[in-house]
Amino acid sequence: MAIGSGLADLDLDLDVFAGPFDLLLTIVLREELDLLEVELGEVVSAYVESLSERGEIDLEATTEFLLLIASLLELKSRLMLPQADPELEGMEPEEAVEELIARMLEYRKFKEASAELVSMLDAATPFLYRSAPLPPELRRVAVEAATQAYDPNILSSAIGDLLTPPEEIEMPRIPVAISLRRRVSALRAALAARASLDFDESFGAEAREVQAVTLLALLQLHGQGEATWNQESICGPITIIRSGEGAGVPA
Amino acid sequence: MSLPDPQPAESPDRPSDLSADLEALLFLAPSPVSVAELAEACEADEAEVETALAELEGRLGDSRRGVVLRRVAGGVALASAPESEDAARRLLARPRTPPLTKAQAETLAIVAYLQPVSRPEIARIRGVSSESAVASLGERGLIEESGKSRFGAVLYRTSELFERLFGLESLDQLPDPAQFDPDPSDERALRERLLSIGEQRVGS
Amino acid sequence: MSLPDPQPAESPDRPSDLSADLEALLFLAPSPVSVAELAEACEADEAEVETALAELEGRLGDSRRGVVLRRVAGGVALASAPESEDAARRLLARPRTPPLTKAQAETLAIVAYLQPVSRPEIARIRGVSSESAVASLGERGLIEESGKSRFGAVLYRTSELFERLFGLESLDQLPDPAQFDPDPSDERALRERLLSIGEQRVGS
């Protein structure tokens, strides 16, 4: 996967780095810059800003960006988490770089396979299959031979699902820019009131993108020594803990 | 498969393209088709269709074949040859009962509780087009067509096979949706509630 | 229409009774039928069925006909000839389904090759949440749920309809995934490219 043109143009002005995104990626890969030092949240906001300036969304480039930033985030969180996956514990930065490359290659493999599948579908689409009920005499036979095969409760539970109103929180259809700065403020405010808080309890009601940017804000606060977090298991609850000075009233 | 030798179109052995198209259309059609409908679909005139149908009929009737052409009220249809009925019974007497997917179970439940119901209505309740689920339930004989709505949409109801496969003596024995609905005795209330929640699902 | 002259059974042009029965069964069956099921229904052995199927296939493929024999989804099925597609879609008012989006195609490729596979795994490979692609592939009947992983995530696999619509006799017929493996030179090129972009920038 080559770096898409949209990404090559993305200029960043971070505390530890100023320059284009692909250069950032390169020097991180070459370990000239510690990933821990990079505020990935700022990278995301810069990208979101450049998107709104251009006023149009190149899906290809956006997907690529998400893929790269997700890989970087994962690498970074592995570097930051005190108790990483035992398999990954002690993963050298070189290995992490290899992981990133392996990830990009794996994705590219399925992307190529998908193009092949699409052409197979095109080739097979002109063949149409018959869909008709059996003639009455055969239908009769089939009915007479039939014995119970299904539990009727699957019907009432399906109706039950349909009678359950959808969750209120849904992905907005139109991408909206979420300000990282505002999420940082929200997080600071929450931490000013309490020394520790449960992420889901405090932010679980927000839209998914807002939650994601809040996590980026948390990374930023961690980088500045204002907060840390605790997560016992993958996908388990996240407890955010105020740390250091600079964050409101001491506990 | 090798390509056939090119033959002049007028060769009596070579099916005309129009009779081949008619064979395809009658093969696919679930019910008899009129000559006018065939002519429109093939962009041919009715006299040409009649000639090509005669050709197809001759070709199919020529020797013992698996399908025969039938002229019935309302048009023309293909049917399986009566000689093959015993074999067909042996193959098709056992209904296929693979587990229902979530989409199929939801679609079947809507048809069962609200019948007769149209496909657009099913789609509104589920919040997604339900074409593939309706088609596979129809193929398996669990639902069947039951006339048309006043807007011309095909209506569906459950079949007798459905009752057998779910061990129901009648539709009254469907499990009570009372646990989910305040007024289960009223089918109209159930329908309205399903539709309004379906709209929320799409709107969100 | 006049009755055909009786012909001796051994005539090479005369379809065998078995191939006629098979044609009838495939005409009636709502989904592809395996050779074993056909043999049982026709009270013949599988080798005889294979011979008669080859005869039927040859007869249908012999010249432009409306119906062709396809080996798909683990069985045999009849389908209308591709040349008749336009006329058929006009008659049945069945437009072509919209093409797969890029997200759907990638998700489908991952499910096809890694099945059974969970949504988090798909998202991990694609680098983006794939919820809506998974949902629409399910609606189109191309993938279906297949139990749960040990972490409780729903697992997905491709459906029989997927094999039918993609013209696959079985999943073994998917293109060899090795052909999509990056060769070492690609991998080197990717690494070098990433590094060289940096050097150019540093050097400039």
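What you see is a predicted model; the values in this text were computed from it and never measured. All residue numbers refer to positions counted from 1 along the written sequence of the respective chain. Chain A is the first chain written and ligand 1 is the first ligand written, with later ones labelled in order. Only residues with pLDDT of at least 70 are given local features in this predicted model, and only at 80 or more are side-chain atom pairs given and counted; all residues enter the totals for whole chains, interfaces and linings. To get the side-chain values, all heavy atoms of the structure are used, and hydrogens and water are removed first.

**Thoughts on the confidence of the model for chain B**
All names here are of chain B. One number per residue, pLDDT, summarises how confident the predictor is, and it ranges from 0 to 100. Per-residue confidence for chain B gives a mean pLDDT of 84; residues scoring 70 or more make up 87%. By the criteria applied, helices consist of DSSP H or I runs no shorter than four residues and strands consist of E runs no shorter than two, each listed in order from the N terminus. Helix 2 (residues 35-42) holds the highest mean pLDDT among the elements of chain B, 95, whereas helix 9 (residues 187-203) holds the lowest, 79. Two residues form a contact once any of their heavy atoms are found within 4.5 Å. The low-confidence segment residues 1-13 (pLDDT under 50) makes five contacts with residues lying over four places distant or belonging to another chain. With pTM at 0.67, the complex prediction returns an ipTM value of 0.81.

**Some thoughts on the interface of chain B and chain C**
Every contact between the two is made by 51 residues of chain B and, on the other side, 47 residues of chain C. Together chain B and chain C conceal approximately 4000 Å² of surface at their shared face, both sides included; 62% is due to carbon and sulfur atoms. With a closest N to O distance of 3.8 Å, Arg164(C) and Glu139(B) form a salt bridge. Counting of polar contacts relies on pairs of N or O atoms within 3.5 Å, with two restrictions inside protein: one atom must be capable of donating a hydrogen and the other of accepting it, and residues adjacent in sequence are counted only when both atoms are side-chain atoms. Between the two partners, chain B and chain C, sit nine residue pairs in polar contact (both at pLDDT 80 or more). Breaking the side of chain B that touches chain C down by element, the ones donating at least two residues are helix 1 (17-28), helix 2, helix 3 (46-61), strand 2 (75-80), helix 4 (85-92), helix 5 (102-114) and helix 7 (131-139) of chain B. Top contributing element to the side of chain B that touches chain C by residue count: helix 1 of chain B, with eight residues. Just so you know the grouping, Ala, Val, Leu, Ile, Met, Phe, Trp, Tyr, Cys and Pro go in nonpolar, Asp, Glu, Lys and Arg go in charged, and all remaining residues, Gly too, go in polar. Within the side of chain B that touches chain C, the residues separate by chemical class into 23 nonpolar, nine polar and 19 charged. Buried surface area refers to the total accessible area, computed with a probe of radius 1.4 Å, that the two partners give up upon joining, counted for both partners together. Only one rule defines a salt bridge in this text: a Lys or Arg side-chain nitrogen within 4 Å of an Asp or Glu carboxyl oxygen.

**Considerations on the nonpolar core**
The nonpolar side chains of a soluble globular protein tend to be buried with one another. By nonpolar core we mean a set of buried residues, namely Ala, Val, Leu, Ile, Met, Phe, Trp, Tyr and Cys, connected to one another through side-chain atoms within 4.5 Å. The cut-offs for exposure are 20% and 50% of the maximum accessible area for each residue type, with area from a 1.4 Å probe on protein chains only; residues under the lower value are buried, those over the upper are exposed, and the others partly exposed. Core analysis: the largest hydrophobic core is formed by 56 residues, its most contacted members being Leu22(B), Leu26(B), Leu53(B), Leu22(C), Leu26(C), Leu38(C) and Leu53(C). If we ignore the near neighbours within four places in the chain, the residues touching Leu26(C) are Val33(C), Leu38(C), Leu53(C), Leu56(C), Leu69(C), Val76(C) and Leu78(C). Counting 43 residues, the second largest nonpolar core, distinct from the first, contains Leu25(A), Tyr47(A), Met104(A) and Val213(A).

**Focus on unusual backbone geometry**
Most peptide bonds take the trans form, and the phi angle of most residues other than glycine is negative. All names here are of chain B. Residue Gln115 is joined to Pro116 through a cis peptide bond whose omega torsion reads -5°. Examined against the element boundaries, Pro116 turns out to sit in the loop between helix 5 and strand 3 (117-118). Despite not being glycine, Glu43 shows a phi value in the positive range, around 50°. Counting through the fold element by element, Glu43 comes out in the loop between helix 2 and helix 3.

**A closer look at the sheet that holds strand 5 (residues 154-158) of chain C**
Residue and element names in this part refer to chain C. Read across the sheet, three strands follow the order 3-5-4 without closing on themselves; strand pairing throughout is antiparallel. In this open sheet, the two edge strands, each paired with only one partner strand, are strand 3 (117-118) and strand 4 (143-148). Between any two strands, pairing holds if DSSP finds at least two bridges. Bridge analysis of strand 4 against strand 5 gives four bridges, and the strand direction is antiparallel. Opposite Lys148, over in strand 5, you have Val154 as the bridge partner.

**Topic: the interface of chain A and chain C**
The interface is formed by 45 residues belonging to chain A together with 56 residues belonging to chain C. Carbon and sulfur atoms make up 66% of the area that chain A and chain C hide from each other, which totals about 4800 Å². Counting the surface chain A buries against chain C, the share from its top three residues, Phe110(A), Leu128(A) and Tyr129(A), is 17%. In this assembly, chain A and chain C are joined by one salt bridge. On inspection of chain A and its partner chain C, the count reaches six residue pairs in polar contact (both at pLDDT 80 or more).

**As for the sheet that holds strand 5 (residues 238-242) of chain A**
All names here are of chain A. Read from one edge of the open sheet, three strands run 3-5-4, paired in antiparallel fashion. At either margin of the open sheet sits one strand with a lone partner, and together these are strand 3 (196-198) and strand 4 (227-231). Going from strand to strand, the sheet's axes swing by 25° on average, the running direction of each strand aside. Direction of pairing for strand 4 relative to strand 5: antiparallel, over a ladder of five bridges. Residue pairing in the sheet places Ala227 in a bridge with Arg242 of strand 5. Contacting strand 3, strand 4 and strand 5, helix 8 (residues 180-193) runs over the sheet at an angle of about 75° to strand 5. Only the stretch in contact is used when a helix axis is fitted, and all axes are lines through C-alpha atoms; the angle between N-to-C directions ranges over 0 to 180 degrees.

**Side note on the pattern of salt bridges**
This model, assessed by the stated rule, comprises 28 salt bridges over all chains. Residue Glu23(C) pairs with Arg65(B) through a salt bridge whose shortest N-O separation is 2.6 Å. Taken as a pair, Glu23(C) in helix 1 (residues 17-28) and Arg65(B) in the loop between helix 3 and strand 1 (67-72) lie in two separate chains rather than in one. In this pair, the class of Glu23(C) matches that of Arg65(B), namely buried. Connected via shared salt-bridge partners are Lys102(B), Glu106(B), Arg126(B) and Glu139(C).

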